[in-house]
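Okay, here's what each chain looks like letter by letter:
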Amino acid sequence: MSYQYYPPSARPVSSGAAIAALVFGIISIFANLFFVPGIIAIVLGRRERAISGAANAGYILGIIGTILTILLIALYLGYIR
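Residues numbered from 1 in each chain as written. Predicted model: local features only at pLDDT ≥ 70, side-chain atom pairs only at ≥ 80, totals over all residues. Heavy atoms only, no water.

Undergrad: Can you break down the environment of Ile40 residue by residue, with the values?
TA: Mapped onto the secondary structure, Ile40 falls in helix H2 (residues 36–47). Placed 12 residues apart in sequence, Ile40 and Ser52 show a C-alpha to C-alpha distance of 16 Å. (Helix = DSSP H or I, 4+ residues; strand = E, 2+ residues; numbered from the N terminus.)

Undergrad: I'd love a proper account of empty space enclosed by the protein, names of residues and values included.
TA: On inspection of all chains with the given rule, the structure shows one cavity of 30 Å³ or more. Looking at the largest cavity, its volume works out to about 30 Å³. As for the largest cavity, its lining consists of Ser28, Ala31, Asn32, Leu33, Phe35, Val36, Pro37, Gly38, Gly65, Thr66 and Thr69. For the lining of the largest cavity, the elements supplying multiple residues, two or more each, are H2 and helix H3 (53–77). For the lining of the largest cavity, the class distribution of residues is five nonpolar, six polar and no charged. (1 Å grid on protein atoms, 1.4 Å probe; cavity = no way out; pocket = protein on both sides within 12 Å on 5 of 7 lines; lining within 4 Å. Points joined across faces, edges and corners; volume = space filled by probe spheres on them. Nonpolar A, V, L, I, M, F, W, Y, C, P; charged D, E, K, R; others polar.)

Undergrad: If you had to explain H2 to someone new, which residues and values would you point to?
TA: When the terminal C-alpha atoms of H2 are compared, their 17 Å separation across 12 residues agrees well with the 16 Å that a helix rising 1.5 Å per residue should span. Restricting attention to buried positions, one finds in H2 the residues Pro37, Gly38, Ala41, Leu44 and Gly45. For H2, the angular spread of buried residues about the axis comes to 140°, placing them on one side. Away from its buried face by more than 90 degrees, H2 exposes Val43, Arg46 and Arg47. Buried residues along H2 sit in contact with helix H1 (16–30) and H3. (Expected span 1.5 Å × (residues − 1). Buried < 20%, exposed > 50% of the residue type's maximum accessible area, 1.4 Å probe, protein only. Arc of directions from axis to C-beta. Contact = heavy atoms within 4.5 Å.)

Undergrad: Residue-level account of the side chain of Thr66, with values.
TA: Its place among the elements puts Thr66 in helix H3. Apart from the residues within four sequence positions on either side, Thr66 is in contact with Phe35, Gly38, Ile39 and Ile42.

Structure representation (structure tokens):
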């Protein structure tokens, strides 16, 4: 009987920057800390966007968090009633 060798399957590619983008994107949604986490998530997510889905999610969450921060500041300053 002949046995055929199969090489191990490739692990999914994910970098530390992609995970950091996702974490900062989540932080930017729940804790609006003056644009900092949102902008970090956008920068890291944009750089790693083609590689990982986590980076893409972080990029999108960073944009949403930044927009929410802008809306909350506008609401606080009275530009939105």
